[in-house]
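# Topology and contacts: notes
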Amino acid sequence: MEEKINREKYKTLGYNVLTLFLFLAIWTLAYWLIKSPFFPSPLMVFNAFLELLIHGDIEDVKLGMHIQQSLWRIFGGFAAACILGIPLGLLMGLYGRVYDSTKVLIEPIRFIPPVAWIPLVIVLLVGYFRFVFIIWLGAFFPIFIGTLLSVRGVNPLHIEVPKSFGASRFYIIRNIVLPSVLPEVLTSMRVGLGIAWECIMAAEMIGGERVGIGIMILKYAQLIRMDAIIVGIIVIGIIGFGLNEIFIFVEKRIFRWKEVVSI
Amino acid sequence: MGSNYLERVKVFSYNLISLTIFIILWFWVARWQASPFFASPAEIAQGFMQMVTVGDEEGITIFMHLWQSLIRVFSGFGAACVLGIPGGLALGLFPFIYNRTRIIIEPLRFISPIAWIPVAIVLLVGFTRYVFVIWVASFFPIFITTLWSVRNVNLIHINVARVAGASRWFVITRIIVPATLPYIAGGMRVSLGISWMCIVAAEMIGGEMVGIGRLILKSSMMHRMDLVVVGMLTIGILGYCLNEVFIKVEKRIFRWRAAVSID
């Protein structure tokens, strides 16, 4: 059984590598057909990647530095979103009336895109907080709403049974509500992290700094160096994918008792 | 029925109260800050009136901005539905395709639409640029939700029909599609919200004067913070309304399903 699963895994991996090669082949073919200076081939992108990695960009900032700086910003915003979103979601889930009464404020704010906040952020905040605020905006609502819904979705039977045995409110929250919402809270944290990472471009449009993966893309966009832009795009995609996979792995580890972890 | 109505009036008035408290707080903060960049609610109301009657510096009223933006958003969203639903159904029915092309699909999912802007500017022209950027954002939620809903169709329902001699086509049209429809509708709603939130990102492409995102960008360059906030609030409120209308329609169509989640 184990062996069969392993073989299946290797087979999937092999097919994935094959697809990747096929994709690169089609890309190269398209490059030959289009022959535009704005459509780089995979090889040119790879060269740009090496150049960025070893020599750095036009301002001598290496790709690793860009990534490190962006990750640092993301984790600031993501941590702020978790610290505010999880307790607030729990609270509003437990006291549904609070959410229902403030819906008219919360919901429209949810639909204001982080990018639209940039002008306000520039005039009202300074330095690192600008980035943290924009990323916080992106990550807060998925975490908050996910936690809120998971509290509302706790099986009422699990709450009623201890209640009828005389359990206190605190006991029910601690021993029943919290454990049963934890997997969903973690899932919404993962979604929040993904969105926070997607917000990095928006946050780094604020400008004023020279390091950051989004800033790198913007710098090269002004020079119309498509190869470097695509390096940036691919790096953002792969890091987002990597963060998500790590999170899924951790979720599966911690909540082994829960069968399904959805993507 | 009577108490239900009473409850609704109660929730409505609580919402009204929290809105009033919020506006009063805002007045307070604006007075305390006394900054030309922190607009008070009165200034924003004035800005809104100006946008309705006169329009912005170029004489474009808020309705024209909204109309243009809605056309762009719905074109991108339409493209995402047309590609995402059949794509998700196909890859859900043949999961091995998804498993084998995961290495390409998944990283693409984490690239933010803004990062595509330089590419869209260089490779596309005019209206298709907006459609592409919005499509990039709204495709994946529809696609992934459809894919997962197909995978999560109750196997018993499929096997029972098979045992009774149903053809593959019958199983797909009579069992899988109806079972996945509510999830697809939910995915569409999430996508519509995301594509609406992308409007500012898409309209950063520039070259046009009309669009609600353009309004924010134009006003921020002139430090007209009141108009920036008018734009933000308009986006937030309209996004909220679109979502609510969609929830209403969902509840109507899928009345047989008890719960429609808000996220």
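Going along each chain's sequence as written, the residues are numbered from 1 onward. Think of it this way: whatever chain is written first is A, whatever ligand is written first is 1, and the rest follow in order. Side-chain atom pairs in this predicted model are given and counted only at pLDDT of 80 or more, local residue features only at pLDDT of at least 70, and totals for whole chains, interfaces and linings cover all residues.

So, on to the overall build of chain A. The way it works is that DSSP assigns letters per residue, a run of H or I at least four long becomes a helix, a run of E at least two long becomes a strand, and they are numbered from the N terminus. The secondary structure content of chain A amounts to 11 helices and zero strands. In chain A, the succession of helices and strands from N to C terminus is α-α-α-α-α-α-α-α-α-α-α. Based on the C-alpha atoms only, the size of chain A along its principal axes is roughly 75 × 60 × 30 Å. Contact criterion: two residues are in contact if their C-beta atoms, reconstructed from the backbone, are within 7 Å. The long-range share in chain A, meaning contacts at least 24 apart out of those at least 6 apart in sequence, stands at 74%.

Here we take up the overall build of chain B. Scanning chain B for helices and strands turns up 11 helices and zero strands. Along chain B, helices (α) and strands (β) appear in the sequence α-α-α-α-α-α-α-α-α-α-α when read from the amino end. Going through the 263 residues of chain B one by one, you find that 37% of them count as buried. A separation of at least 24 residues holds for 71% of the contacts in chain B among residues at least 6 apart in sequence. With C-beta atoms placed from the backbone, a residue counts as buried when 20 or more other C-beta atoms lie within 10 Å of its own, as exposed when 12 or fewer do, and as partly exposed for counts between those limits.

Moving on, we get to unusual backbone geometry. Of note, A:I224 is a non-glycine position whose phi angle comes to about 50°, a positive value. Along the polypeptide, A:I224 turns up in the loop between α10 (213–223) and α11 (226–254). In this model, B:H223 sits at a positive phi of 55°, which is unusual for a non-glycine residue. By the secondary structure assignment, B:H223 is in the loop between α10 (212–221) and α11 (225–253).

A separate point is helix α6 (residues 128–152) of chain A. Residues and elements named next belong to chain A. For α6, built from 25 residues, the straight-helix expectation of 36 Å at 1.5 Å per residue is met to within 8% by its first-to-last C-alpha distance of 35 Å. A bend of about 30° at A139 is the largest found in α6, and the proline P142 appears one to four places after it. Most of α6 sits out of view: 21 of its 25 residues are buried. Multiplying 1.5 Å by the helix residue count minus one yields the expected span of that helix. Here the bend at each residue means the angle between axes fitted to two seven-residue stretches, the one ending at that residue and the one beginning there.

With that settled, consider the domain arrangement of chain A. For chain A, the assigned domains are domain 1 (1–35) and domain 2 (44–254). Reported domain spans reflect what an automatic or database domain assignment gives. The centre of domain 1 of chain A, based on its C-alpha atoms, is set 30 Å off from the matching centre of domain 2 of chain A.

What follows covers the interface of chain B and chain A. On the side of chain A, 49 residues touch chain B, which itself brings 48 residues to the contact. Mapped onto the side of chain B that touches chain A, the elements with two or more residues apiece are α1 (2–33), α4 (95–109), α5 (113–123), α6 (127–151), α8 (168–197), α9 (199–203), α10 and α11 of chain B. Gly falls in the polar group here, along with every residue not listed as nonpolar (Ala, Val, Leu, Ile, Met, Phe, Trp, Tyr, Cys, Pro) or charged (Asp, Glu, Lys, Arg). Grouping the amino acids of the side of chain B that touches chain A by side-chain chemistry returns 33 nonpolar, 11 polar and four charged.

Residues and elements named next belong to chain B. Summary of the metric used: pLDDT quantifies the predictor's per-residue confidence within the range 0 to 100. Residues of chain B with pLDDT of at least 70 account for 96%, and the chain-wide mean is 86. Per-element confidence in chain B ranges from a low mean pLDDT of 85 for α4 to a high of 92 for helix α3 (residues 62–93). Scored by ipTM, the complex comes to 0.81, with pTM at 0.84.

What follows covers the domain arrangement of chain B. Split into domains, chain B comes out as domain 1 (1–34) and domain 2 (39–253). Once you take the C-alpha centre of each, domain 1 of chain B and domain 2 of chain B turn out to be 30 Å apart.

Residue and element names in this part refer to chain A. Tracing the sequence through the fold places I195 in helix α8 (residues 169–198). Assessed through the 24 C-beta atoms surrounding it within 10 Å, I195 is described here as buried. Along the backbone, I195 and L137 are 58 residues apart, and their C-alpha atoms lie at a distance of 9.8 Å. Excluding residues that lie within four positions of it along the chain, I195 makes contacts with G138, A139 and P142.

Right, let's get into helix α7 (residues 155–163) of chain B. Counted residue by residue, α7(B) has zero buried out of nine residues, so it is predominantly exposed. Two residues or fewer after α7(B) comes B:G165, characterised by a positive phi angle close to 90°.

In this section: the packing of helix α3 (residues 63–94) of chain A against α6(A). Residues and elements named next belong to chain A. Here, axes are lines fitted to C-alpha atoms. For helices the fit covers the stretch in contact, and angles between N-to-C directions go from 0 to 180 degrees. In the contact formed by α3 and α6, the axes pass within 6 Å of each other and the chain directions differ by 30°. It follows that α3 is roughly parallel to α6 by the angle criterion. Crossing angle aside, the handedness with which α3 passes α6 is right-handed. In the contact of α3 with α6, the residues fall into 22 nonpolar, six polar and two charged. For classification purposes, an angle smaller than 35 degrees is called roughly parallel, one larger than 145 roughly antiparallel, one from 65 to 115 roughly perpendicular, and anything else oblique. Put simply, a crossing is left-handed when the front helix is turned counterclockwise from the back one by less than a right angle, and right-handed when it is turned clockwise.

Moving on, we get to the packing of α3(B) against α8(B). Residue and element names in this part refer to chain B. Between α3 and α8, the least distance of the axes is 10 Å, while the angle of their chain directions is 145°. The hand of the α3/α8 crossing is right-handed. Contacts between α3 and α8 involve V73, G76, F77, A80, C81 and I85 on the former and, on the latter, I184, M188, S191, L192, S195 and W196. The residue inventory of the contact of α3 with α8, partitioned by class, reads nine nonpolar, three polar and no charged.

Moving on to the nonpolar core. For our purposes the nonpolar core covers buried Ala, Val, Leu, Ile, Met, Phe, Trp, Tyr and Cys residues that link as a set through C-beta atoms within 7 Å. Formed by 113 residues in total, the largest nonpolar core has its most connected members in A:I134, A:I135, A:A139, A:A196, B:V133, B:I134 and B:C198. With near-sequence residues (within four places) excluded, A:I134 lies in contact with A:P114, A:W117, A:I118, A:V121, A:C199, A:A202 and A:A203.

Glancing now at the environment of B:R72. Within the fold, B:R72 resides in helix α3. Ignoring sequence-local partners within four residues, the contact set of B:R72 consists of B:Y130, B:V131, B:I134, B:I199 and B:A202.

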